[in-house]
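Residue-level listing of the chains:
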Amino acid sequence: MQLRPRESRNLRIVSLDIAVTPSAALSWANDVFGNAIATVSFPAPAVTLVIESRIAIEQHSEPWPVFDIAGSAISFPFRYSDDERLDLGALLAPQHSDPDGRLLAWAKGFVRSTPPDTLSLLKDLNAAMSAWIPYQRRDDEGTQPPLATLDRGWGSCRDIALLLIEAVRRLGFGARIVSGYLANGKGEAASAMGSTHASTHAWAEIYLPGAGWIPFDPTHGTVGDFGLIPVAVAREIRQVVPVSGSFIGTSDDFLGMTIEVAVRGMT
């Protein structure tokens, strides 16, 4: 289970309680990305499984953050240092095929000046996705390939985030997927559709020297971590599934799953 938010200078966990029914002991570890992973094994068969996570956090984020990007990276293209390229590794490499270079050509269409401002280029690409590719809830397992999202012109938050990541990786940026929750500036519940029902959410982070990892939410066209509660980061979306596992039984033993998320402000 990946349910514990990632603490940072802007986010601090005040309390955390994860209750599992049937009762079982949790063991904690950190994966290669530093995500907190809770593992549980059940000693006896059960009819249902209930996981309840209650977390109180303090978050201090600005709605219009200023990013102190290193002078060497202000204009695009730029070169990461040798150490940065080595450490970013697979986060620089596209994970999905683009045999005809369509995605690269589409991303290059946002390079509109010589030389373009790096942050402006990324903001334009991020904003274009929220304008051209509307959010549509999709309960199917997995994520659409980036070219499928581009062709269909719609996608879930994870589909749209993946499209942004694959596009900027082809431009030479290091990028990673983020899974977590979405809340508005007052701490009230908000979903990708802007309703008062909360949900899990996915977005991207792009690495820029000096500023570090900058959150980009292409579903809404926003930049920065205001209203975003990150839980896990990874190279691929399949690595940040909130709850995963297996059970012993027949295929028709699984009758379904429901998820409820509520984000509430505290006084």
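Conventions and cut-offs
- Residues numbered from 1 in each chain as written.
- Predicted model: local features only at pLDDT ≥ 70, side-chain atom pairs only at ≥ 80, totals over all residues.
- Heavy atoms only, no water.
- 1 Å grid on protein atoms, 1.4 Å probe; cavity = no way out; pocket = protein on both sides within 12 Å on 5 of 7 lines; lining within 4 Å.
- Points joined across faces, edges and corners; volume = space filled by probe spheres on them.
- Helix = DSSP H or I, 4+ residues; strand = E, 2+ residues; numbered from the N terminus.
- Nonpolar A, V, L, I, M, F, W, Y, C, P; charged D, E, K, R; others polar.
- Salt bridge = Lys/Arg side-chain N within 4 Å of Asp/Glu carboxyl O.
- Buried < 20%, exposed > 50% of the residue type's maximum accessible area, 1.4 Å probe, protein only.

1. Things to note about the layout of surface pockets
Next, step 1: A volume near 550 Å³ is recorded for the second largest pocket.
Next, step 2: As for the second largest pocket, its lining consists of 26 residues, and the residues nearest its centre are Arg9, Asn10, Trp213, Pro215 and Asp225.
Next, step 3: Listing elements by their share of the lining of the second largest pocket, those giving two or more residues are strand 6 (200–208), strand 7 (212–217) and strand 9 (228–234).
Next, step 4: No other element matches strand 7, which puts four residues into the lining of the second largest pocket.
Next, step 5: A per-class count over the lining of the second largest pocket returns 11 nonpolar, seven polar and eight charged.

2. Here's the deal with the pattern of salt bridges
Next, step 1: The tally for this structure, following the rule as stated, stands at nine salt bridges.
Next, step 2: In this structure, Arg170 engages Asp98 in a salt bridge whose closest nitrogen and oxygen atoms are separated by 3.5 Å. Placement of the pair is Arg170 in helix 5 (residues 157–170) and Asp98 in the loop between helix 1 (82–88) and helix 2 (102–108), with a sequence separation of 72 residues.
Next, step 3: Arg176 is the partner of Glu205 in a salt bridge, and the nearest nitrogen-oxygen pair spans 2.8 Å. Taken together, the residues Glu205 in strand 6 and Arg176 in strand 5 (residues 174–182) connect sequence positions 29 residues apart.
Next, step 4: For Glu205, a relative accessible area of 9% puts it in the buried group.
Next, step 5: What makes Arg176 buried here is its relative accessible area of 12%.
Next, step 6: Salt bridges sharing common partners tie together Asp98, Glu166, Arg169 and Arg170.

3. A few points about empty space enclosed by the protein
Next, step 1: Taken as a whole, this structure holds one cavity of 30 Å³ or more when the rule is applied.
Next, step 2: Here the largest cavity defines a volume of roughly 40 Å³.
Next, step 3: Considering the residues around the largest cavity, the lining is formed by Gln2, Ser179, Gly180, Tyr181, Thr200, Val231 and Pro242.
Next, step 4: Take the lining of the largest cavity: its biggest share by element is three residues, from strand 5.
Next, step 5: For the lining of the largest cavity, a count of residues per class yields three nonpolar, four polar and no charged.

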